[in-house]
Amino acid sequence: MRQGQARTTDAGQRVTLAAAPGLAPDAAQQKRLSAPATKAPAAPATRKPECPRNVACESVPAPYEEFGDGDYGNHDKADRPADQRVSTIVIHDTEGSWETTLKLIKDPAYVSWNYTIRSADGLIAQHVPTKDVAWHAGNWYINSHSVGIEHEGFLAAPDAWYTEAMYRASARLVKYLSRKYDVPLDRQHILGHDNVPGTTTATIPGMHTDPGPYWDWAHYFALLGKPFKATAGPRGGLVTIRPDYDENQPVYTGCTKAGDTCAPHGSTAVRLYSAPDEDAPLVKDIGLHPDGSASTTGVNDTGARATTGQRFAVAGRSGDWTAIWYLGQKAWFHNPQDEPVAVPAKGLIAVPKSGREEIPVYGRAYPEKEAYPPGVPYQSVSPLSYKLAAGQQYAVGDRMRGEYFYSPTFDVTKHAVVRGKDVYYEIQLGHRVGYVRAADVEVRRSAS
């Protein structure tokens, strides 16, 4: 209220709250609000939620139950970080109401996530302890190493659901989790569900697309205290995507009806072309569109999209256009000097090892076969449909050893964590991240 706010609604209406810099809280009311609330005694099954002190938080436990035929749900008991590193926080939206979401989390036969945040006021409900593994990302490797946070709302209706109260409560929770588990506050470790890779080629088309192109990552990271800034000179070897959210309004379709144009709206994503020309076809995503067709402007089509905070290796420049390495190809975006949509960056890059014409990329970082003990079935590491050719470069986000969490039964005594010797690097493959074997790449610093 002191700073003022302005938003454009889904219908294109501009709503403004004028700044009131001299506004001060009512001291008496503030004292009453900070006093401990009188609460009814908690039920025996209620857990104390893991939340920062400056948010409203409650416990709505997800069930850990058997329900016949050896099946159980809706999460797995673990002992993180003692048994597995928590390296990622995944941001989701619910695509449903608060009431519907809480009904689903209580179903032992359904999936699970660690937290839900309410749109209207930012109330946080914790469902699965962060030491345990929730079933939220559609990628078991990511699940095993992440905390999942759902946000009440629908990605195609951001102004109705992605409220300031929600953003602020979520940022406070993520900062708390970052400190607790030493998760870096960057877009290589704070992923959207739409940045999570498919585990195999067959799973890529079915991966989720939330929180979508209208989630304001720049505002979110400003609230986290980590705004995206230039970290290199104008010819840096990497770029961090950072369009002006309100001014950046690419055309999307399918918000209300397939094929229909969405109302103009600010977006966190920039569109990627196969040549430095807005009349050129969009770049292809052969995993998402295995028939070889080009990507589309659909609000749920992530095939030609680079999003705020993501870092990519520069593949070329031409006038007001910048190319990045993306899904094994050059992808161009309009990046005029007077209105840039990216800032120069530096960091580590991975390139195929000398003498390799191309290398595979994976959707999970699992151990080599020899690492699996008797009784734990080997999990094959299937390459995705993307190939990285000699000379291409990809921004490195993290380094890890292959690891697999084996949890086939309700009986936790049969659980095991398999650790291998193979080393992987997380890279910014396209809109989603991917993994490459250290044995296949050379890692070096980008130009600065």
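Up top you'll find the structure we're talking about.
First things first, this report covers the structure right here in the doc. (Residues numbered from 1 in each chain as written. Predicted model: local features only at pLDDT ≥ 70, side-chain atom pairs only at ≥ 80, totals over all residues. Heavy atoms only, no water.)

**As for the overall build of the protein**
The helix and strand tally for the protein stands at six helices and 26 strands. Here the C-alpha radius of gyration of the protein, 22 Å, is about what a compact globule of 448 residues would show, namely 22 Å. Its C-alpha atoms put the protein at 65 × 65 × 40 Å along the principal axes. Burial analysis of the protein (448 residues in total) assigns 53% to the buried set. For the protein, the proportion of contacts with a sequence separation of at least 24, taken over those separated by at least 6, is 69%. Accessible surface, the protein: about 20200 Å² in total, of which carbon and sulfur atoms supply 51%. (Helix = DSSP H or I, 4+ residues; strand = E, 2+ residues; numbered from the N terminus. Rg over C-alpha atoms; globule rule 2.2 N^0.38 Å. Buried < 20%, exposed > 50% of the residue type's maximum accessible area, 1.4 Å probe, protein only. Contact = heavy atoms within 4.5 Å. Areas by Shrake-Rupley, 256 points an atom, 1.4 Å probe, with all protein chains shown as cover.)

**Topic: the side chain of Ser 267**
Looking at the element boundaries, Ser 267 is found in the loop between β13 (238–241) and β14 (269–271). Polar side-chain contacts of Ser 267 include one of 2.9 Å to the backbone oxygen of Pro 213. When residues no more than four places from it in sequence are discounted, the contact partners of Ser 267 are Pro 213, Tyr 214, Pro 243, Tyr 245, Asn 248, Pro 250 and Tyr 252. (Polar contact = N/O pair within 3.5 Å; in protein donor to acceptor, adjacent residues only side chain to side chain.)

**Description of helix α5 (residues 164–181)**
The end-to-end C-alpha distance of α5, which contains 18 residues, comes to 26 Å, matching closely the 26 Å that a straight helix rising 1.5 Å per residue would cover. Where α5 is concerned, the buried positions are Met 166, Tyr 167, Ala 169, Ser 170, Ala 171, Leu 173, Val 174, Tyr 176, Leu 177, Ser 178 and Tyr 181. (Expected span 1.5 Å × (residues − 1).)

**Quick word on the pairing of strand β24 (residues 416–428)**
Here nine bridges tie strand β23 (residues 394–406) to β24, and the two strands are oriented antiparallel to one another. Residue pairing across strands places Arg 399 opposite Tyr 425, the latter belonging to β24. The sheet contact formed by β24 and strand β25 (residues 433–437) spans five bridges and is antiparallel. Bridge assignment links Ile 427 to a residue of β25, and that residue is Gly 434. Connecting β24 to the next strand, β25, in antiparallel fashion are four residues. (Pairing = 2+ DSSP bridges.)

**Quick word on the sheet that holds strand β12 (residues 190–192)**
Here six strands make up an open sheet; going across it, the order is β3-β9-β8-β11-β7-β12 and the pairing mixed. In this open sheet, the two edge strands, each paired with only one partner strand, are β3 (57–59) and β12. Taken pair by pair, the neighbouring strands of this sheet meet at an average axis angle of 25°, ignoring direction. Alignment of β3 against strand β9 (residues 124–126), held across three bridges, turns out to be parallel. Counterpart to Cys 57 in the pairing with β9 is Ile 124. (Axes fitted to C-alpha atoms, helices over the stretch in contact; angles between N-to-C directions.)

**Things to note about a nonpolar patch on the surface**
Judged by side-chain polarity, Met 1, Leu 17 and Leu 23 come together as a nonpolar surface patch covering roughly 310 Å² of accessible area. Along the polypeptide, Met 1 turns up in the segment before β1 (5–8). Take Met 1: its relative accessible area is 66%, and that puts it in the exposed class. (Patch = residues over 30% accessible without salt bridge, like charges linked within 9 Å, V, L, I, M, F, W, Y side chains within 5 Å. Salt bridge = Lys/Arg side-chain N within 4 Å of Asp/Glu carboxyl O.)

**Here's the deal with the sheet that holds strand β16 (residues 311–318)**
Reading across from one edge, β18-β17-β16-β13-β19 is the order of the five strands in this open sheet, with antiparallel pairing throughout. The open sheet has two edge strands, β18 (329–334) and β19 (342–345), and neither has a second partner. Neighbouring strand axes in the sheet, compared pairwise and without regard to direction, differ in orientation by 45° on average.

**Section: the environment of Arg 364**
Mapped onto the elements, Arg 364 comes out in the loop between β21 (358–362) and β22 (383–389). Take Arg 364: its relative accessible area is 13%, and that puts it in the buried class. Along the primary structure Arg 364 and Asn 139 are separated by 225 residues, whereas in three dimensions their C-alpha atoms are 7.7 Å apart. For Arg 364, the contacting residues outside a window of four places in its chain are Asn 139, Tyr 141, Thr 199, Thr 200, Ser 380, Val 381, Tyr 424 and Tyr 435. A distance of 3.3 Å separates a polar atom in the side chain of Arg 364 from the backbone oxygen of Ser 380.

**Focus on the side chain of Thr 94**
By secondary structure assignment, the location of Thr 94 is in the loop between β7 (88–93) and α2 (98–105). At 2.6 Å, the side chain of Thr 94 and the backbone oxygen of Gly 96 are in polar contact. Sequence-distant contacts of Thr 94, that is, excluding residues within four places in its chain, are made with Thr 101, Thr 116, Glu 150, His 151, Glu 152 and Gly 153.

**A look at the state of the cysteines**
Per the counting criterion, the structure on display carries two disulfides. Disulfide pairing places Cys 51 opposite Cys 57 at an S-S distance of 2.0 Å. For Cys 255, the disulfide goes to Cys 262, at an S-S distance of 2.1 Å. One disulfide, between Cys 255 and Cys 262, carries an S-S torsion of 100° and so falls in the right-handed class. The exposure class assigned to Cys 262 is buried, which follows from its relative accessible area of 9%. Taken N- to C-terminal, the disulfide-bonded cysteines of the protein are connected 1-2, 3-4. (Disulfide = S-S within 2.5 Å.)

**As for α2**
Of all the positions in α2, only Trp 98, Thr 101, Leu 102 and Ile 105 are classed as buried. Buried positions in α2, seen along its axis, are confined to an arc of 95° and lie on one side of it. In α2, the exposed positions that point more than 90 degrees away from the buried face belong to Glu 99 and Lys 103. On its buried face, α2 is in contact with β3, β8 (115–117) and β9. (Arc of directions from axis to C-beta.)

**Focus on the nonpolar core**
In terms of nonpolar packing, the biggest core is built from 43 residues, with Leu 272, Ile 324, Tyr 326, Phe 333, Ile 427 and Val 436 touching the most fellow members. Sorting elements by how many residues they give to this core places strand β17 (residues 321–326) first, with five residues. Within the second largest apolar cluster, 38 residues are counted, among which are Ile 89, Ile 149, Tyr 176 and Ile 190. (Core = buried A, V, L, I, M, F, W, Y, C linked by side-chain atoms within 4.5 Å.)

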